[in-house]
Amino acid sequence: TARGCLAHYPFCDRAVCGQQVRRRSVDNVQLEVDLLYREHGVREIRFFDDTFTFHPEWVRELCAALAQRRPLLPWTCLTRVDRADPELLHTMCAAGCWQVLFGLESGSDELLAQLKKGTSVAQNRAAVRAAKAAGLEVRGDFLVGAPGETRAMLDATLRFAIEEKLDFAHFNRFEPFPGTELYDMVR
C-alpha cells in the first residue's frame, strides 16, 4: 500500500523504494483487495509496507473499509514498535488483522543503539504486549550476527523472545547489502 521508508537503519537497502513514503489511496487498495479475492481466489492478504501504521488515520480509514467487506478477509502487516498504538491495534484486529510483524532486531539496548533503531527493549516489550492485548499474534524479526553483537547481546535477544512468548520468532542472519552503511563498514 506504500513504497519507501523514513527509517535510516545502517543495515537496510533503500536503493529501490527510497526514503520518501508514497501511499496509495484507501479506495485503490480496497479495489485491489476485492479484485484479488474475486478474480484470483486470494483468501488472505499480507501488507508488506515497511511501516504499515506510519499514517494512523490512513490505517483507520482502510480498516473501516476492510471491516465492511464480507466475508471479512484475514490480513497481516509489518510495522515498527514506536508506531504500535494500542487503540489502532484493536481497530486493526476488528478489521481482520490477525498478526503483526515487528522488526525487533535485538533484546539488547546496546545493539539497538548500534543499529540506529531509535527504539528500546522497553518499547519492544510494550509493543508486543499491546498487540497481544488487542488479540493479535506477534511475529518478531531479529537480526543475528550484526557487527558488534556479542554473545551476551544474543543471549538477551533469545531471552526476550522466550519471555515475551512471541507467536513467531524469526532470526535473520545479518547480510551486508551493497549500498548500506554496514556494507561499507564490513568491506
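Being a predicted model, the structure only gives us computed values, none of them experimental.

Conventions and cut-offs
- Residues numbered from 1 in each chain as written.
- Predicted model: local features only at pLDDT ≥ 70, side-chain atom pairs only at ≥ 80, totals over all residues.
- Heavy atoms only, no water.
- Axes fitted to C-alpha atoms, helices over the stretch in contact; angles between N-to-C directions.
- Helix = DSSP H or I, 4+ residues; strand = E, 2+ residues; numbered from the N terminus.
- Parallel < 35°, antiparallel > 145°, perpendicular 65-115°, else oblique.
- Left-handed = near helix turned anticlockwise from the far one by under 90°.
- Contact = heavy atoms within 4.5 Å.
- Pairing = 2+ DSSP bridges.
- Salt bridge = Lys/Arg side-chain N within 4 Å of Asp/Glu carboxyl O.
- Buried < 20%, exposed > 50% of the residue type's maximum accessible area, 1.4 Å probe, protein only.
- Nonpolar A, V, L, I, M, F, W, Y, C, P; charged D, E, K, R; others polar.

**Examining the packing of helix α2 (residues 56-68) against helix α3 (residues 86-94)**
Next, step 1: Put simply, α2 and α3 touch, their axes get as near as 9 Å, and they point 25 degrees apart. Between α2 and α3, the angle is such that the two are roughly parallel. Like other packed secondary-structure pairs, α2 and α3 cross with a definite hand, here left-handed. For the pair α2 and α3, the contacting residues are Pro 56, Val 59, Arg 60, Cys 63 and Ala 67 in the first and Glu 87, Leu 88, Thr 91, Met 92 and Ala 94 in the second.

**Brief notes about the sheet that holds strand β5 (residues 97-105)**
Next, step 1: Taken together, five strands build an open sheet; the order of strands is β3-β4-β5-β6-β7 and the sheet is parallel. One side of each edge strand has no neighbouring strand; the edge strands of this open sheet are β3 (45-47) and β7 (168-173). Adjacent strand axes in the sheet meet at a mean angle of 20 degrees, parallel and antiparallel pairs treated alike.
Next, step 2: The sheet contact formed by β3 and strand β4 (residues 75-79) spans three bridges and is parallel. Bridging from a neighbouring strand, Phe 47 pairs with Cys 77 of β4.

**Here's the deal with the pattern of salt bridges**
Next, step 1: Applying the stated rule across the entire model yields 15 salt bridges.
Next, step 2: Between Arg 38 and Glu 39 there is a salt bridge whose closest N-O contact spans 3.8 Å.
Next, step 3: Since its relative accessible area comes to 56%, Arg 38 is described here as exposed.
Next, step 4: One salt-bridge network, in which partners are shared between bridges, spans Arg 125, Arg 129, Glu 163 and Glu 164.

**Some words on the packing of helix α1 (residues 26-40) against α2**
Next, step 1: Across the interface, α1 lies against α2 with an axial gap of 10 Å and an inter-helix angle of 35 degrees. Relative to α2, α1 is oriented so that their crossing is right-handed. Residues Val 26, Val 29, Gln 30 and Val 33 of α1 touch α2, and the partners they reach there are Trp 58, Glu 61, Leu 62, Ala 65 and Leu 66.
Next, step 2: Considering only residue class, the contact of α1 with α2 consists of seven nonpolar, one polar and one charged.

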